[in-house]
Structure formats: C-alpha cells, structure tokens
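Observations on chain architecture
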Amino acid sequence: MPLLELQQLKKYFASQKAVDDISLTVEKGQIFGLLGPNGAGKTTLIRMITGIFYPDEGQIIFDGKKFDPVNDVGQIGYMPEERGLYKKMKIGEQTMYLAQLKGLSRSDAQARIKEWFVKFEMESWWNKKVEDLSKGMSQKLQFVTTILHQPKLVILDEPFSGLDPVNSNLIKDEIFKLAQNGATIIFSTHRMEQVEEICNHIVLVNKGKKILDGTVSQVKQEFKENLFRIGSTEVIPALNGNAPFEILNTGKADAIVRIQEGKTPNDVLQYLISQNVAIHSFQEILPTLNDIFIRLVESSPAARQFQSI
C-alpha cells in the first residue's frame, strides 16, 4: 500500500491554476523527488499534503485512508525552504517545545534531542539563540526538529541549502537511514545532481501540471539519444557507407558517436573491429536530469508528449 496518493488535485488562486489536476503515488520507504521550476506548483502541493491548504478538487489518501489534517499531520515532518525557527529562543528550549508539540513526552523528547545533538555535534548549542547560528548550523537544527518525532512522511525542501560538503554528506546519510528504517521522503530541490544521487522516483511539475513521472533510471532511458563514448588508442578512421553510426565529436583518445536508427552497440563494435580500431572503452552516454529538466520545461510539445511515462 502506498503511503501517499494524490488523486486529481486542483488548487486555484483567483484565476491562477496553481495545481491543475495532478495525481501521483509515493510508496512507503521511497525517496521521492518533487521537481519543477519556480512557480510550478510544488509549494502549493506540499502545503496541501501538510494540511496548510485544502484542495479545491480531488483528494489525498494518507496511509490507506482519506487524509485528515487534524490527526495525520503528527505523522508528517516538514522542513520548508523558508525556515520557521524562533530567532530569539534558545535552541534547547525551542527543540524541546517543537518535539512536545509533535506529541513527545518531555523525557522522550530530551532523550532524542540528546541523541541527535551528539550525532550532529550540537551539544554546545543548547543555550545559544537561533539568531546566533550560521545558515548551515541553522539548517542542521531545522533538520533535527523535522525528524525528531520519527514521522512516517518527511518532506524536505532544499535541505542542503547553506551546508558545507561535510555537513551535506551528514544530512544525506541520515536521509538514506530514514528511508531504510521505513520513513518515506519527499525531496524538493533545484539541484539535479542531488536528485540523481538520492531519489528513487521523480515527478516534474510545470505551470501546475505534472509533465514527468517515473524512476530516475526509467526517465534517463526514455530520453537517451543513442550516444556513446568510444575510447581508443588511435583516431577512428573515416567512415564508409556501411558504418552504423555517425561521429559527432572526436579527440585524441575518444570519440562521441550516435548510433543510427535500427542499429545496435554490437553493430558499432563489429564495424570498429573490422576496421582494426583498437578499443579500450565503450560507454553509453545518458542525459543528466538537469538536461531533461531544461528540455521539458522549455519545450511545451515535449512536455505534453511525455506526460505519461
């Protein structure tokens, strides 16, 4: 059973369709990428999932039943891009307060806070105020307050913003551990390289509509262009009329080629061997998610074509 299902959700603000008939499914234990350019409708979707907004049409199914914001919101941890910490409040008191708001007893909250503060090297922060923290330190604190109550669904909006590489890896490792322990993660970011590294499944929205839905590997396979990189100790000789590929770019040690329609990588290798070309590597070039993102967002015909991957 999926943890979360959105069924034909719509949300309008005056004449603007912020979310226009979006359906998607998030499986339990999945790290799910919610992607889109600024103004695409991602934040509105997240606010409906967390009960901040109510949909104008459609429904949300949470853990097998219709979403009840009053009772189900305690099973959700939300880390918004715009941080929501109280700047003048001491960090220890604030973390305790937020944990108890999520239903933890004082003793349970204290034990969990201590565990996370030790893990993230935050023990000395207890009596500091949020306004005294750097952006990266504040980010670590916000992450801890988001997952402290062990929610079933964790929503992270740009969780690596302001973090150095060491702390980015620290948070990334914890995201993987949360998923391994059964939590479901919705991850929203503009950093496509992080999506490729972290997410199992992605959805791309643009102008309120879903234009892409699939696993990372499925999406990259769908948009590949039959490009390969051939590594050779010599320059590939001029092609004859029987060559099953065209050369797009060549250098001293490799060449980028496109295989012709109806031909296979084996056909390319057999041709090169017949031409006595010494090959030391042969690798398919798949598009990056960043390339796919730009192509779909900038090209409305392509977006319509791939709405149902």
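Scroll up for the structure.
Residues numbered from 1 in each chain as written. Predicted model: local features only at pLDDT ≥ 70, side-chain atom pairs only at ≥ 80, totals over all residues. Heavy atoms only, no water.

1. Digging into the packing of aromatic side chains
For the coordinates displayed, the defined rule picks out 10 aromatic pairs. Considering the side-chain rings of W116 and F120, the 5.5 Å spacing of their centres and the 80° angle between planes classify their relative orientation as edge-to-face. For the pair W116 and F120, a shared accessibility class is recorded, and that class is buried. Its relative accessible area of 1% is what places F120 among the buried residues. An aromatic cluster is defined as three or more aromatic residues linked by ring pairs; in this entry it consists of W116, F120 and F143. The ring centre of W116 lies 4.3 Å from the NZ or CZ of K119, which sits over that ring. (Phe/Tyr/Trp six-rings, centres within 6.5 Å; stacked < 30°, edge-to-face > 60°. Buried < 20%, exposed > 50% of the residue type's maximum accessible area, 1.4 Å probe, protein only. Lys NZ or Arg CZ within 6 Å of the ring centre and 35° of its normal.)

2. Details of the pairing of strand β7 (residues 153-157)
Burial analysis of β7 places five of its five residues in the buried class, the great majority of the element. What you see with β7 is no split at all: L153, I155 and D157 on one side and V154 and L156 on the other are buried throughout. The pairing of strand β6 (residues 76-79) with β7 spans four bridges and is classified as parallel. For G77, the partnering residue across the bridge sits in β7 and is V154. Crossover β7 to strand β8 (residues 184-188) through helix α6 (residues 165-180) is right-handed. (Helix = DSSP H or I, 4+ residues; strand = E, 2+ residues; numbered from the N terminus. Pairing = 2+ DSSP bridges. Right-handed = clockwise from strand over helix to strand, strands pointing away.)

3. A short note on helix α3 (residues 91-101)
Those residues of α3 not exposed but buried are I91, G92, Q94, T95, M96 and A99. Structurally, α3 contributes buried residues whose contacts are with α4 (106-119) and α5 (135-147). Backbone geometry just downstream of α3 places G103 in the positive-phi region, at approximately 100°. (Contact = heavy atoms within 4.5 Å.)

4. Some words on the sheet that holds strand β1 (residues 4-13)
Read from one edge of the open sheet, four strands run β2-β1-β4-β5, paired in antiparallel fashion. The outermost strands of the open sheet, each flanked by one partner alone, are β2 (16-26) and β5 (65-66). Relative to β2, β1 is paired through eight bridges, and the arrangement is antiparallel. Within β2, the residue paired with Y12 across the bridge is K17. Strands in contact with helix α1 (residues 42-49) are β1, β2 and β4 (57-62); relative to β1, the strand with the most contacts, it is inclined by about 120°. (Axes fitted to C-alpha atoms, helices over the stretch in contact; angles between N-to-C directions.)

5. Brief notes about the pairing of strand β12 (residues 245-250)
Bridge count between β12 and strand β13 (residues 254-259): five bridges; the pairing is antiparallel. Note that in β13 the partner of T250 across the bridge is A255. What sits between the antiparallel neighbours β12 and β13 is a turn of three residues.

6. Structural notes on the layout of surface pockets
Of the voids in this model, the largest pocket is the one considered here, and its volume is about 650 Å³. Lining the largest pocket are 24 residues, with I52, Y78, P80, K102 and Q142 positioned closest to its centre. Secondary-structure elements contributing two or more residues to the lining of the largest pocket are α1, β6, α3 and α5. With four residues, the single largest contributor to the lining of the largest pocket is α3. Taken together, the residues that form the lining of the largest pocket break down as 11 nonpolar, eight polar and five charged. By volume, the second largest pocket amounts to about 300 Å³. As for the second largest pocket, its lining consists of 15 residues, of which W116, I147, Q150, L178 and N181 are closest to the centre. Listed by contribution, the elements that provide at least two residues to the lining of the second largest pocket are α4 and α6. Per-element tally for the lining of the second largest pocket: the top contributor is α4, with four residues. Considered class by class, the residues forming the lining of the second largest pocket number six nonpolar, three polar and six charged. (1 Å grid on protein atoms, 1.4 Å probe; cavity = no way out; pocket = protein on both sides within 12 Å on 5 of 7 lines; lining within 4 Å. Points joined across faces, edges and corners; volume = space filled by probe spheres on them. Nonpolar A, V, L, I, M, F, W, Y, C, P; charged D, E, K, R; others polar.)

Interpretation note: all reported values are geometric properties and have no functional meaning in isolation.
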